[in-house]
Amino acid sequence: MKKIKLAELKDAEILAQLEDARKIIRTARFQYGVARSLENPKVITNAKKKIARLLTIQRNRELAAKPGSTKARRYSRATRKTQALAKSNASAKKTAKGTN
């Protein structure tokens, strides 16, 4: 299905599509494990992509339902380290003020 058509699906239909795609992957992997060959190896890749699209649509709807919440921001390791150091310095200053 195209992305536009997937976006028009209802939540229950999306869940049903997810179950179907996961079932396709399970059966294809089982078939490959038993026979060591697949009629069409692209089936697994296409099903994975479909699952990713459906989960993305589901997540976008979830975020749209909660207008105040936004996606957590990811920082680099250096930025996180700097923030942690600043936080520890602030707490050390706070404890030093409290003891004086």
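Preceding this paragraph is the structure being described.
On a predicted model such as this, the values are computed, not experimentally measured, just so you know.

Student: In this structure, what is going on with the overall build of the protein chain? I would like to understand it.
Tutor: When you go through the protein chain residue by residue, the secondary structure sums to four helices and zero strands. When the helices and strands of the protein chain are placed in sequence order, the string is α-α-α-α. In summary, the protein chain has a C-alpha radius of gyration of 24 Å against a globular reference of 13 Å for 100 residues, an excess of more than 25%. For the protein chain, the proportion of its 100 residues judged to be buried stands at 13%. Nonlocal contacts in the protein chain, meaning residues at least 24 apart in sequence, comprise 58% of its contacts between residues at least 6 apart. About 8700 Å² of surface is accessible on the protein chain, with carbon and sulfur atoms providing 55% of the total. For the protein chain, the centre of its 27 positive side-chain charges and the centre of its 7 negative side-chain charges are spaced 17 Å apart.

Student: I tried to follow the pattern of salt bridges on my own but got confused; where do I start?
Tutor: It is possible for side chains bearing opposite charge to pair when their charged atoms get close. Counting across every chain of the model gives two salt bridges. The closest approach of N and O atoms between R61 and D11, which form a salt bridge, is 2.9 Å. In this pair, R61 is assigned in helix α3 (residues 42-65) and D11 in helix α2 (residues 11-35), connecting sequence segments 50 residues apart. Taking relative accessible area as the criterion, R61 reaches 27% and is therefore assigned partly exposed.

Student: Explanation requested: the packing of α2 against α3 in the structure shown.
Tutor: For the pair α2 and α3, the least separation of the axes is 9 Å and the interaxial angle reads 155°. When the axis of α2 is compared with that of α3, the two are roughly antiparallel. Crossing of α2 over α3 shows left-handed handedness. Mapping the contact onto sequence places D11, I14, L15, Q17, L18, A21, R22, I24, I25, A28 and R29 in α2 and V43, I44, A47, K48, K50, I51, L54, L55, I57, Q58 and R61 in α3.

Student: Is there a simple way to explain the environment of L38 in this structure?
Tutor: On the secondary structure map, L38 appears in the loop between α2 and α3. Here the alpha-carbon distance between L38 and A52, two residues 14 residues apart in the chain, equals 22 Å. Setting aside its immediate chain neighbours within four residues, L38 contacts A28, Q31, Y32 and I44.

Student: Honestly, α2 in this entry has me stumped. Any pointers?
Tutor: Each full turn of the α-helix corresponds to 3.6 residues, which orients residues three or four apart in the same direction. Here α2 spans 36 Å end to end across 25 residues, near enough to the 36 Å set by a 1.5 Å rise per residue. Every buried residue belonging to α2 is among I14, Q17, L18, A21, I25 and A28, and all of these are buried.

How each quantity is defined
- Residues numbered from 1 in each chain as written.
- Predicted model: local features only at pLDDT ≥ 70, side-chain atom pairs only at ≥ 80, totals over all residues.
- Heavy atoms only, no water.
- Helix = DSSP H or I, 4+ residues; strand = E, 2+ residues; numbered from the N terminus.
- Rg over C-alpha atoms; globule rule 2.2 N^0.38 Å.
- Buried < 20%, exposed > 50% of the residue type's maximum accessible area, 1.4 Å probe, protein only.
- Contact = heavy atoms within 4.5 Å.
- Areas by Shrake-Rupley, 256 points an atom, 1.4 Å probe, with all protein chains shown as cover.
- Lys, Arg positive; Asp, Glu negative; His and termini not counted.
- Charge placed at Lys NZ, Arg CZ, Asp CG, Glu CD.
- Salt bridge = Lys/Arg side-chain N within 4 Å of Asp/Glu carboxyl O.
- Axes fitted to C-alpha atoms, helices over the stretch in contact; angles between N-to-C directions.
- Parallel < 35°, antiparallel > 145°, perpendicular 65-115°, else oblique.
- Left-handed = near helix turned anticlockwise from the far one by under 90°.
- Expected span 1.5 Å × (residues − 1).

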